[in-house]
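Geometric and topological summary
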Amino acid sequence: MKFKLKIWRQKNAKTKGQFETYNIENVSPDTSFLEMLDILNDKLIKEGKAPVSFDHDCREGICGMCSLYINGRAHGPDDEVTTCQLHMRKFKDGDTITVEPWRSAAFPVIKDLVVDRYAFDKILQAGGFISVNTGGVPDGNTIPVSKENADESMDAAACIGCGACVATCKNGSAMLFVAARVSSLAKLPQGKIEGAKRAKAMVAKMDELGFGGCTNTQACEAECPKAISISHIARLNREFLCAKIQE
Amino acid sequence: MSDIKLQSKTPDGPLSEKWTRHKAAIKVVSPANKRKLEIIIIGTGLGGASAAASLGELGYNVKIFCISDSPRRAHSIAAQGGINAAKNYQNDNDSVYRLFYDTIKGGDYRSREANVYRLAEVSRNIIDQCVAQGVPFARDYGGMLDNRSFGGAQVSRTFYARGQTGQQLLLGAYAALNRQIAKGSVKSYTRHEMLDLVMIDGKAKGIIARNLVTGEIERHGAHAVVIASGGYGNVFFLSTNAMNSNCSAAMQCYRRGAYFANPCFAQIHPTCIPVHGDQQSKLTLMSESLRNDGRIWVPKKIEDVEKLRKKEIKPSQIPEEERDYYLERRYPAFGNLVPRDVASRAAKERCDAGYGVNETGLAVFLDFSSAIQRLGEKVISERYGNLFQMYEKITDVNPYKEPMTIYPAIHYTMGGIWVDYNLMTTIPGLYAIGEANFSDHGGNRLGASALMQGLADGYFVLPYTIGDYLASQIQVPKTDTNHEAFVEAEKQVREKIDRIFNIKGKQPVDALHKKLGQIMWNYVGMARNEDGLKKALELIKELRKEFWSDVYVPGENSEFNQELEKAVRLADFIETGNLMALDALNRRESCGGHFREEMQTEDGETRRDDENFMYVSAWEYKGKEHDPELHKEPLVYETVHLSTRNYKD
């Protein structure tokens, strides 16, 4: 297969970026999108040009490192996949493909397609944990957890922290990301105790870091590679409300 | 033959009391003194994150370094199937002893008894800890923790969170870590890579690190350094490891004097998606848990194989009686749940005999049709849904309808930095935990035991044992990073980077890395022999020259430069490959994942040589111009009776 690629190039956070166009040929349909970029980089390096920087690591859809806004969609045109799991068979031969970094005030560009997502770490540091030290905890079966609650907690915990929700949201809101963590812990007896406090602290941190507010457009759910449901946002709102009432 | 530096420090007493006695005997550091001590941890996977969180909670000042944008990206996250623990919740006669025994036997009697017993002992605490942190383990309808079976065991002791157990355990450790970062006891350095270990007066005192965003070279001092940077599977280029997983931190320690143990022990995982072509960048693992319900087979008749390759028939059209379920045939007692090394070699045997089922001839089937018939599609989907989805996305084949095709791939490395019972390396003040060390898995690791070991080391072993060393450091002031040793180490790092840029050759880093991978897979892969290993050593020598004269790294140091990162790592992969081949050549026995063709039984099983090779090989760096020196730590079995591994009956 062959493609025309329009790729965002930006030297660093301080300079302005622009699109550059590249042509690429002899790509197997079984090649993944990132492998296609590997092939492009191999070509660019051999021509003495600067390769395209992009984040990636596990290449099996779980580490959350890869990003990329492809033809106007986070992680590209396929549903419920990360960019590393997207294969070129999902495109038509000869397609023009536009590749951009995540666009959000809270995720500044580091270089080309690489952005800084440290803001997500900061939100979790604000309260995305259960306050328990190593050691001195009860046996794992002491507190039964209904299968339903354990499953729902797991549904929310499937978030890989990639940032597609933020990149997709017209407000640049991190509500789905925050909700997934809050909801996952709130569904378990161990996490319930700090539920309200956690919700309040994480939402406050999210606002402080420049993420936008949620206006329920549901775009985040549609683009989430792990299909995290916006019903978790409802649970976050409930926890948040509880915290406000307690005040 | 034992060596003054290779004292395992295994405590005396009966096996089941060693750890308890040891904990009572080692020193502790008072809270007031902990505040004065600094610890550097390299890597934030299960080992690094759990250690950093636990040490932070204890009151030490911890600095963590990871190469990714967040600690949560570490490759522990990709572990799918589960984590072992001797809880005996299923009442199937599991026990600490049985987990210990399975692990020693699975490792083909090449690991230390005392370390493995301790691992089995603390395995139970790990589950409790993770539950308390909010890890959403699978539960049964009564609300109790659920278990599944894994290879190399006849009991059900594997705890899991769908097919994302590694991710959930890491999120637990990462959350505990985040709590400490918020409290200020842990300082996080993301997108930072360690480039050298700094030693003062023979002790580990800090590191040189590169800020991967700005290219700045930084000095960081501490009272102790912990390496938790994972394994060296990416020596093979194609592996199930993440693209950025590398062994540079370990090799820097090796060059500074830490012995490197059992480098030839690498694990080849039997159930990976087969290679599709030369544009491929990595191999994807299909969890071992699939072998609970999947049956592995190839056709009995070579005509069927040919028809499959020509796509004239679908696998589902081959009738039951024409299928060779070769694991069930060869190993009736364990069937599809034999250990990984056994399953991998059996797949290679069938493919070498011409029964490989895809165009490349390097694939076998993993079939769920009997399980779907027995349990229904819904149950299978609940158990493995995300794995089936992942498989379909990659291959465009629906595994509910047609069997998966799988083939072995490099997955994990049992070898690593040599450590004693305290997890300290041969360098005082330098520790290695998790996959980065060599200690617990011998010649072959059992499934669901890597997560167990990483968390055991980080939560329950290192926080105790590091105190024994740090108790002697309480009077030692903060490390001065203006010390000559730091100046010299930084200079060397800068020179190395300049040297790499100045080569200005023609080949991109990946092209050279693929060449290394080919050499390793062909000669130091699933089957090894003397001629091949000697050839590998020759080829690696040539490749080293090629790298240092023809690599091309664009750009400059003072920027985000992924090609530079890869080049620095590849230089170390080449040295690791060399070490693996040397060790494989020396170990003239077949054992676990290390299969020497000269040493096999009549039916193709491994032939161990306990008389001559019942030792840990520990390699000491002797400079660029010389081969490393081999030291031997004899393995002593006080409790376990050595036998030939038997998974047949």
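This is a predicted model, so every value here is computed, not measured.

Our next topic: the overall build of chain B. Helices and strands together make up the secondary structure of chain B, namely 18 helices and 19 strands. The C-alpha radius of gyration of chain B comes to 24 Å, within 12% of the 26 Å expected for a compact globule of 649 residues. Across the 649 residues in chain B, those meeting the buried criterion constitute 61%. For chain B, the share of sequence-separated contacts (at least 6 apart) that also reach a separation of at least 24 residues comes to 75%.

Attention now moves to the overall build of chain A. Each helix and strand in chain A was counted, giving nine helices and seven strands. Here the C-alpha coordinates of chain A stretch approximately 60 × 35 × 35 Å along the principal axes. When each of the 247 residues of chain A is scored for burial, the buried share is 55%. The contacts of chain A with a sequence gap of at least 6 include a subset with a gap of at least 24, amounting to 69%.

What follows deals with the packing of helix H7 (residues 195-208) of chain A against helix H9 (residues 231-246) of chain A. All names here are of chain A. In contact at an axis separation of 8 Å, H7 and H9 are set at 100 degrees when each is read in the N-to-C sense. Relative to H9, the element H7 is oriented roughly perpendicular. Across the interface between the two elements, Gly195, Ala196, Lys197, Ala199, Lys200 and Val203 from H7 touch Leu236, Glu239, Phe240, Cys242, Ala243 and Gln246 from H9. When its residues are assigned to classes, the contact of H7 with H9 shows seven nonpolar, two polar and three charged.

This part covers the pairing of strand E5 (residues 186-189) of chain B. Residue and element names in this part refer to chain B. Burial along E5 is one-sided: the residues Val186 and Ser188 are buried and none of Lys187 and Tyr189 is. Where strand E2 (residues 61-65) meets E5, four bridges bridge the pair, whose relative direction is parallel. Residue pairing in the sheet places Lys63 in a bridge with Lys187 of E5.

A separate point is the sheet that holds strand E1 (residues 3-9) of chain A. Residues and elements named next belong to chain A. An order of E2-E1-E5-E3-E4 is seen for the five strands of this open sheet, with the pairing classed as mixed. The outermost strands of the open sheet, each flanked by one partner alone, are strand E2 (18-24) and strand E4 (73-74). Here strand E3 (residues 69-70) pairs with strand E5 (residues 96-100) via two bridges, running antiparallel. In the sheet register, Tyr69 faces E5, and the bridge partner there is Glu100.

What follows covers the domain arrangement of chain B. Residues and elements named next belong to chain B. As assigned here, chain B comprises domain 1 (1-70 + 194-265 + 414-444 + 455-643) and domain 2 (269-410). Computed from C-alpha coordinates alone, the two centres of domain 1 and domain 2 are separated by 34 Å. On the side of domain 2, 19 residues touch domain 1, which itself brings twelve residues to the contact. When grouped by side-chain class, the residues that make up the side of domain 1 that touches domain 2 number five nonpolar, seven polar and no charged.

The subject of this paragraph is the interface of chain A and chain B. Of the residues lining the interface, 66 residues belong to chain A; the matching set on chain B comes to 67 residues. Every element with two or more residues in the side of chain A that touches chain B is listed here: helix H1 (33-46), strand E6 (109-111), helix H2 (118-125), helix H3 (147-157), helix H5 (175-186) and helix H6 (189-192) of chain A. Top element by residues in the side of chain A that touches chain B is H1 of chain A. It accounts for seven residues. Counted by class, the side of chain A that touches chain B contains 29 nonpolar, 21 polar and 16 charged residues.

For the rest of this paragraph, the subject is the pairing of strand E8 (residues 217-221) of chain B. Residues and elements named next belong to chain B. Pairing analysis gives five bridges linking strand E7 (residues 203-211) to E8, with the strands arranged antiparallel. Counted as the bridge partner of Arg210 is Ile217 from E8. If you look at the hairpin formed by E7 and E8, you'll find five residues sitting between the two strands, and Gly215 has a positive phi there, around 80 degrees.

What follows is about the domain arrangement of chain A. Residues and elements named next belong to chain A. Split by domain assignment, chain A resolves into domain 1 (3-110) and domain 2 (117-246). The centre of domain 1, based on its C-alpha atoms, is set 29 Å off from the matching centre of domain 2. Taken together, the 18 residues of domain 1 in the interface contact 17 residues of domain 2. Of the residues contributing to the side of domain 1 that touches domain 2, the split by class is nine nonpolar, six polar and three charged.

This part takes up the environment of Cys84 of chain A. All names here are of chain A. Relative to the elements of secondary structure, Cys84 occurs in the loop between E4 and E5. A sequence separation of 16 residues divides Cys84 from Glu100, and the C-alpha atoms of the two residues are 15 Å apart. For Cys84, the contacting residues outside a window of four places in its chain are Ser32, Leu34, His56, Arg59, Glu60, Gly61 and Cys66.

Once that is clear, we can look at the packing of helix H3 (residues 46-58) of chain B against helix H6 (residues 165-183) of chain B. All names here are of chain B. One can describe the packing of H3 onto H6 by two numbers: an axis separation of 8 Å at closest approach and a directional angle of 35 degrees. Of the two elements, H3 crosses H6, and the hand of that crossing is left-handed. Seen from H3, the contacting residues are Leu46, Ala49, Ser50, Ala52, Ala53, Gly56 and Glu57; seen from H6, they are Leu169, Leu170, Ala173, Tyr174, Ala176, Leu177 and Gln180.

Soluble globular proteins tend to bury their nonpolar side chains together. Membership of the largest hydrophobic core comes to 289 residues, with the highest contact counts inside it found for Leu176 and Val178 of chain A together with Val226, Ile227, Ile417 and Tyr431 of chain B. Leaving out residues up to four positions away in the same chain, Val178 of chain A has contacts with Ile123, Met202, Val203, Met206 and Leu236 of chain A.

Take the sheet that holds strand E11 (residues 266-272) of chain B next. Sheet strands pair by backbone hydrogen bonding; their relative direction is either parallel or antiparallel. All names here are of chain B. Across the sheet, five strands lie side by side as E11-E15-E14-E12-E13; this open sheet has antiparallel pairing. Two strands bound the open sheet, and with one partner strand each, they are E11 and strand E13 (323-324). Sheet analysis places strand E12 (residues 295-299) next to strand E14 (residues 364-367), joined by three bridges and oriented antiparallel. For Trp297, the partnering residue across the bridge sits in E14 and is Phe365.

Moving on, we come to the confidence of the model for chain B. Per-residue pLDDT for chain B averages 95, and the proportion of residues at 70 or more is 100%. The ipTM, which scores confidence in the relative placement of chains, is 0.98 for this predicted complex, and the corresponding pTM is 0.96.

Residues and elements named next belong to chain B. Spanning 15 residues, helix H15 (residues 509-523) covers 22 Å between terminal C-alpha atoms, matching the ideal 21 Å at 1.5 Å per step. Three or more residues of H15 are buried, namely Val509, Leu512, His513, Leu516, Gly517, Ile519, Met520 and Tyr523. The arc that holds every buried residue of H15, seen down its axis, measures 160 degrees, which confines them to one face. Buried residues belonging to H15 abut helix H16 (530-550) and helix H17 (562-586).

Residue and element names in this part refer to chain B. For Arg191, which is not glycine, the phi torsion reads 45 degrees and is therefore positive. Residue position: Arg191 is located in the loop between E5 and strand E6 (192-200). For Arg191, a count of 20 C-beta atoms within 10 Å corresponds to the buried category.

Below, the discussion takes up helix H4 (residues 96-106) of chain B. All names here are of chain B. Taking burial as the measure, the eleven residues of H4 include eight buried ones, the bulk of the element. Inspection of H4 places Val96, Leu99, Phe100, Asp102, Thr103, Ile104, Lys105 and Gly106 among the buried residues, and these make up the whole buried set. Residues of H4 that are buried sit in contact with strand E3 (83-84) and helix H5 (113-133). Looking at the residues trailing H4, positive phi occurs at Asp108, about 55 degrees.

On to the environment of Pro51 of chain A, then. By the element assignment, Pro51 of chain A lies in the loop between H1 and E3. A tally of 20 C-beta atoms within 10 Å means that Pro51 of chain A is categorised as buried. Residues Pro51 of chain A and Glu152 of chain A, spaced 101 residues apart in sequence, show a C-alpha to C-alpha distance of 42 Å. Ignoring anything within four residues of it in the chain, the contact list for Pro51 of chain A reads Asn41, Leu44 and Ile45 of chain A together with Pro554 and Glu563 of chain B.

What counts and what doesn't
- Residues numbered from 1 in each chain as written.
- Chains lettered and ligands numbered in written order.
- Predicted model: local features only at pLDDT ≥ 70, side-chain atom pairs only at ≥ 80, totals over all residues.
- Helix = DSSP H or I, 4+ residues; strand = E, 2+ residues; numbered from the N terminus.
- Rg over C-alpha atoms; globule rule 2.2 N^0.38 Å.
- Buried ≥ 20, exposed ≤ 12 C-beta atoms within 10 Å, placed from the backbone.
- Contact = placed C-beta atoms within 7 Å.
- Axes fitted to C-alpha atoms, helices over the stretch in contact; angles between N-to-C directions.
- Parallel < 35°, antiparallel > 145°, perpendicular 65-115°, else oblique.
- Nonpolar A, V, L, I, M, F, W, Y, C, P; charged D, E, K, R; others polar.
- Pairing = 2+ DSSP bridges.
- Domains from an automatic or database assignment.
- Left-handed = near helix turned anticlockwise from the far one by under 90°.
- Core = buried A, V, L, I, M, F, W, Y, C linked by C-beta atoms within 7 Å.
- pLDDT = per-residue confidence, 0-100.
- Expected span 1.5 Å × (residues − 1).
- Arc of directions from axis to C-beta.

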